[in-house]
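Now for the letters of each chain:
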Amino acid sequence: MIVDVEIDGRARRAEVERRGAVWQVTIDGRALQVAAAAVDGRWSILIAHRDARRGAAGDEAPADDGGGVASAWRSYEVTVETDGGRHIVHVDGRPVPLAIADRRARTRRVRGEAHAAPGVQGAVVAPMPGRIVKVLVEPGQTVAARQGVVVVEAMKMENELRAPRAGTVAAVHVTEGMSVEAHAVLMVIE
Amino acid sequence: MRKILVANRGEIAVRIIRACRDLQIAPVAVYSACDRTARHVRMADEAVPIGGNRPADSYLRIDRIVEAARITGADGVHPGYGFLAEHAGFAAACRDAGLVFIGPPAEAIALMGSKTAARRAAAAAGAPIVPGTDDPLGADVGEPAIAAAAERIGYPVMIKAVAGGGGKGMRVVERPDDLASAVRAARSEAGAAFGDSAIYLERRLVRPRHIEVQLLADAYGTVVPFVERECSVQRRHQKVVEESPSPAVLPGLRSQLTAAAARIAASVGYVNAGTIEFLVDGTGAFFFLEMNTRLQVEHPVTEMVTGIDLVEWQIRIARGDRLTIDPAAAATPRGHAVECRVYAEDPDAGFMPSPGAITALRAPAGPGIRDDSAAETGGEVPIFYDPLISKLVAWGSDRPQATARMRRALAEYDVRGVRTTIGFFRWLLDQPEFAAASFHTEYLDELLQQRRGTPFSAVDLSLEEVAVAAAAIYAAGRRTDAGPRRGGSGSAWTQQARTDGVRG
């Protein structure tokens, strides 16, 4: 299976194949042996050392009690958090924002406003209720990742929201002076 | 004192409730509508709803809080910090209702709450004060008089609100030409924020350090000052990291600071906990800045280096106990403590508040680590209040060990569902100036400006590879419903994905 991931403005392609208790993940031509086990919403990820010597049963899971030491693995604690249409993968406490290409794009209409859903990856979303102070871009405009696109006033402060990715402003759903609810999609960057 | 009503919320309410438990005093919680399921409510023996979510509808309602104390039969009221803690009218209302206000007398709050009166009191007690105007400049004082005062003080000059404090409502004026418009704007802001448009002027010291002295005073005239705290790491005048002792204060300066603080407190008949804030310039000269007539957010660092429980002593002083603290013990630090204020803010979006549901939280622990928090998995960071998640404190036998432990603790801290400043603190502790403790009150603002918005979540390539691999397995599990084994059975990746899908 091919999974395309966009990370820090770059595209990475991963090929994922399950072999017994271990996944083979090939990223840009580099093959990794990965074992993943879950504990209450947290994942123990083990990645085989590249030069690990493997026993006869090369794809044995790390926990097997075959007797003797089979191999050493790099160990990480990973959690996956959804963030609108994107994800944040926390690796040993360090957050890595990324987007997973997902063919299923759904939107829901709730009380006449479009709300962010998985698949709408370029959405600029209001994190809390507020008022649009200034719209900094217009449809068709090219923007860079993290470029300021709209200023929202909330909690007595002005906050500049940024483009989650580089691209073109596809749609602007707000005008200056409008009030917005939490999770409202303010604009979409494609 | 058998029962105390905690007139606050969040982590400080939890802190006060813990002190009550240590003294076997029954705690009473008050809560706004959105705080119905908050931690502090569940920790108390009794709870009284006091109104709507906005502070003005609940935690600032003096009448409702006093009524809550009445119907529960509370003996005392602890105001915490913020909200009504420095509201002289609240202290007076408690006193008039026969309640013991766990803090200073209303008159001391009123006196020190006027920043110009506080400056006069400090000067009268022999403390050096930042050169500035002695009287409030109300609406009746015209621009020529203010311009003359600014000339006398010397530029750059700070315009501050007389009724302000806590770093709010301040403006810097570099040149005489900018003074008139800055005064107009400052007056208007002060009127809106504090209900009093009077301002005063102070010289702006160049790159000072913010050093403060905690003190306790009992009702019998004993005043005990503590070893100082350094709070120079500030973002837009809001403290972000505090530590004790100050790496810049030698014993000689410490004696001067603690003696000056004690003299000021004694001269105004102060009782209970308070803090005198000073600015210290590059030559070691110190100047009184203001007095905070309440317990402060950063009190844990003082507790860690002295072993003294300040909240417990607040309650004991209020019920009439005499201070039996050895002054030498209070003024001599044992080891070093650092505190990071973990806020639900997005450091990559200008530290914009990030309210919402906390979907997962695991606080650090281990040697030298203390986490003062009301946050928990399944909890909320409401939009109506300060988005503080926790105060993370690390103690070590010296500053390097305290810093190393803080780094370890920050790396262990797992909070999801809201953005936090944890990543920002990990970056900050790696800065060479932090290790060298060579900072001042403008240090952090300057450093952040230099970064020009570079994300704090930048990740090195080896971690990126792990993240991509994990994301790929996550996605594969979601699509084929054949996720990785949960310790040998089950499909927990898919469960996670389904939950995420429902939430999205």
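Going by the structure above, here's the rest.
The text that follows walks through the structure, step by step, so that each part is easy to find. (Residues numbered from 1 in each chain as written. Chains lettered and ligands numbered in written order. Predicted model: local features only at pLDDT ≥ 70, side-chain atom pairs only at ≥ 80, totals over all residues. Heavy atoms only, no water.)

This part is about the overall build of chain A. In terms of regular secondary structure, chain A is built from zero helices and 18 strands. Within chain A, the proportion of its 190 residues that are buried is 42%. Excluding contacts between residues fewer than 6 apart, the proportion of contacts in chain A whose partners are at least 24 apart in sequence is 46%. When the accessible surface of chain A is totalled, it reaches about 9800 Å², and 49% of it is carbon and sulfur. (Helix = DSSP H or I, 4+ residues; strand = E, 2+ residues; numbered from the N terminus. Buried < 20%, exposed > 50% of the residue type's maximum accessible area, 1.4 Å probe, protein only. Contact = heavy atoms within 4.5 Å. Areas by Shrake-Rupley, 256 points an atom, 1.4 Å probe, with all protein chains shown as cover.)

Here we come to unusual backbone geometry. Residue and element names in this part refer to chain B. Residue Pro156 is bonded to the preceding Tyr155 through a cis peptide linkage, with omega at 0°. Phi at Asn272 takes a positive value of approximately 85°, unusual for a residue other than glycine. Along the chain, the position of Asn272 falls in strand E13 (residues 272-280). Residue Asn272 is classed as buried on the basis of its relative accessible area of 1%.

Here we take up empty space enclosed by the protein. Summed over the entire model, instances satisfying the criterion amount to three cavities of 30 Å³ or more. Contributing to the lining of the largest cavity are His78(B), Pro79(B), Gly80(B), Ala85(B), Phe101(B), Ile102(B), Gly103(B), Pro104(B), Thr293(B), Arg294(B), Leu295(B) and Gln314(B). (1 Å grid on protein atoms, 1.4 Å probe; cavity = no way out; pocket = protein on both sides within 12 Å on 5 of 7 lines; lining within 4 Å. Points joined across faces, edges and corners; volume = space filled by probe spheres on them.)

So, on to the side chain of Glu242(B). All names here are of chain B. Positionally, Glu242 belongs in strand E12 (residues 238-244). Among the residues examined, Glu242 registers a relative accessible area of 0% and is labelled buried. Those residues in contact with Glu242 that sit more than four places away from it in its chain are Glu230, Cys231, Glu298, Val301, Ala337, Val338, Glu339 and Arg341.

Note on helix geometry: an α-helix contains 3.6 residues per turn, so any two residues three or four positions apart are oriented the same way. Summarising burial for helix H14 (residues 422-429) of chain B: seven of the eight residues are buried, a large majority. Where H14(B) is concerned, the buried positions are Ile422(B), Phe424(B), Phe425(B), Arg426(B), Trp427(B), Leu428(B) and Leu429(B).

All names here are of chain B. Applying the stated rule across the entire model yields 14 aromatic pairs over all chains. Note on Tyr59 and Phe83: the rings are 5.2 Å apart at their centroids and 20° apart in plane angle, and the pair reads as stacked. In this pair, Tyr59 sits in the loop between strand E3 (46-51) and helix H3 (62-72) while Phe83 sits in the loop between strand E4 (76-78) and helix H4 (88-96), placing the two residues 24 residues apart along the sequence. An aromatic cluster is present here, built from Phe351, Phe424, Phe425, Trp427 and Phe456 joined pairwise through their rings. Sitting over the ring of Trp427, Arg451 keeps its end group 4.6 Å from the ring centre. The residue whose ring lies beneath Arg451 is Phe456, and the NZ or CZ to ring-centre distance is 4.1 Å. (Phe/Tyr/Trp six-rings, centres within 6.5 Å; stacked < 30°, edge-to-face > 60°. Lys NZ or Arg CZ within 6 Å of the ring centre and 35° of its normal.)

Residue and element names in this part refer to chain B. The full count for this structure, using the stated rule, is 50 salt bridges over all chains. Note that Glu442 is salt-bridged to Arg204, the shortest N-O span being 3.4 Å. Of this pair, Glu442 sits in the loop between helix H15 (432-436) and helix H16 (443-451) while Arg204 sits in the loop between strand E8 (199-203) and strand E9 (209-217), and the two are 238 residues apart along the sequence. The partner of Arg370 in a salt bridge is Asp372, and the shortest N-O contact between them spans 2.8 Å. Note on accessibility: Arg370 and Asp372 belong to one class, buried. (Salt bridge = Lys/Arg side-chain N within 4 Å of Asp/Glu carboxyl O.)

With that settled, consider the state of the cysteines. Under the criterion given, the structure shown has zero disulfides over all chains. The thiol of Cys20(B) is unpaired, and the distance to the nearest cysteine sulfur, on Cys94(B), comes to 14 Å. (Disulfide = S-S within 2.5 Å.)

Turning our attention to the nonpolar core. Residues and elements named next belong to chain B. Core analysis: the largest hydrophobic core is formed by 36 residues, its most contacted members being Val241, Ile389, Phe424 and Leu428. For this core, the leading source of residues is H14, giving six residues. If near-sequence neighbours (up to four positions away) are discounted, Val241 is found in contact with Glu230, Cys231, Val233, Val338, Glu339, Cys340, Phe425, Leu428 and Phe434. (Core = buried A, V, L, I, M, F, W, Y, C linked by side-chain atoms within 4.5 Å.)

Attention shifts here to helix H13 (residues 399-412) of chain B. Residues and elements named next belong to chain B. Over its 14 residues, H13 extends 20 Å from the first C-alpha to the last, a length consistent with the 20 Å expected when each residue adds 1.5 Å. Buried within H13 are the following residues: Arg399, Ala402, Thr403, Arg405, Met406, Ala409 and Leu410. On an axial view of H13, the arc spanned by its buried residues comes to 165°, and they lie on one face. The inward-facing, buried residues of H13 abut E12, strand E15 (336-343), strand E20 (369-373), strand E22 (388-396), H14 and H15. (Expected span 1.5 Å × (residues − 1). Arc of directions from axis to C-beta.)

The next subject is the sheet that holds strand E13 (residues 142-143) of chain A. Residues and elements named next belong to chain A. The four strands are arranged E11-E18-E16-E13 in an open sheet whose pairing can be described as antiparallel. Of all the strands in the sheet, the pair left with one neighbour each is strand E11 (123-125) and E13. The pairing of strand E16 (residues 167-172) with strand E18 (residues 185-189) spans three bridges and is classified as antiparallel. Within E18, the position partnered with Val169 by the bridge is Ile189. (Pairing = 2+ DSSP bridges.)

On to the environment of Ser354(B), then. In this structure, Ser354(B) sits in the loop between strand E17 (352-353) and strand E18 (356-357). Residues within four places of Ser354(B) in sequence aside, it is in contact with Ala344(B), Glu345(B), Asp346(B), Val418(B) and Arg419(B).

In a pair of packed helices, the angle between the axes and the distance between the axes together describe the arrangement. Residues and elements named next belong to chain B. For the pair H14 and H16, the least separation of the axes is 13 Å and the interaxial angle reads 100°. It follows that H14 is roughly perpendicular to H16 by the angle criterion. Of H16, the residues touching H14 (which contributes Phe424, Trp427 and Leu428) are Tyr443, Leu444, Leu447, Leu448 and Arg451. The class makeup of the residues in the contact of H14 with H16 is seven nonpolar, no polar and one charged. (Axes fitted to C-alpha atoms, helices over the stretch in contact; angles between N-to-C directions. Parallel < 35°, antiparallel > 145°, perpendicular 65-115°, else oblique. Nonpolar A, V, L, I, M, F, W, Y, C, P; charged D, E, K, R; others polar.)

Now for the sheet that holds E3(B). Backbone-to-backbone hydrogen bonds pair the strands of a sheet. The strands run either parallel or antiparallel. Residues and elements named next belong to chain B. Ordered in space as E3-E2-E1-E4-E5, the five strands form an open sheet in which the pairing is parallel. Sheet topology places E3 and strand E5 (100-101) at the edges, where each strand pairs with a single neighbour. Looking at chain direction, strand E1 (residues 3-6) and E4 are connected through three bridges and run parallel. Across the sheet, residue Val6 finds its bridge partner in E4, namely His78.

Residue and element names in this part refer to chain B. Across the nine residues that make up E13, a large majority, nine, are buried. Summarising the sheet, E9 and E13 pair through nine bridges and their orientation is antiparallel. The residue of E13 that forms the bridge with Val213 is Ile276. Counting the residues in the hairpin turn of E13 and strand E14 (residues 286-292) gives five residues, including Gly284, whose phi is positive at 90°.

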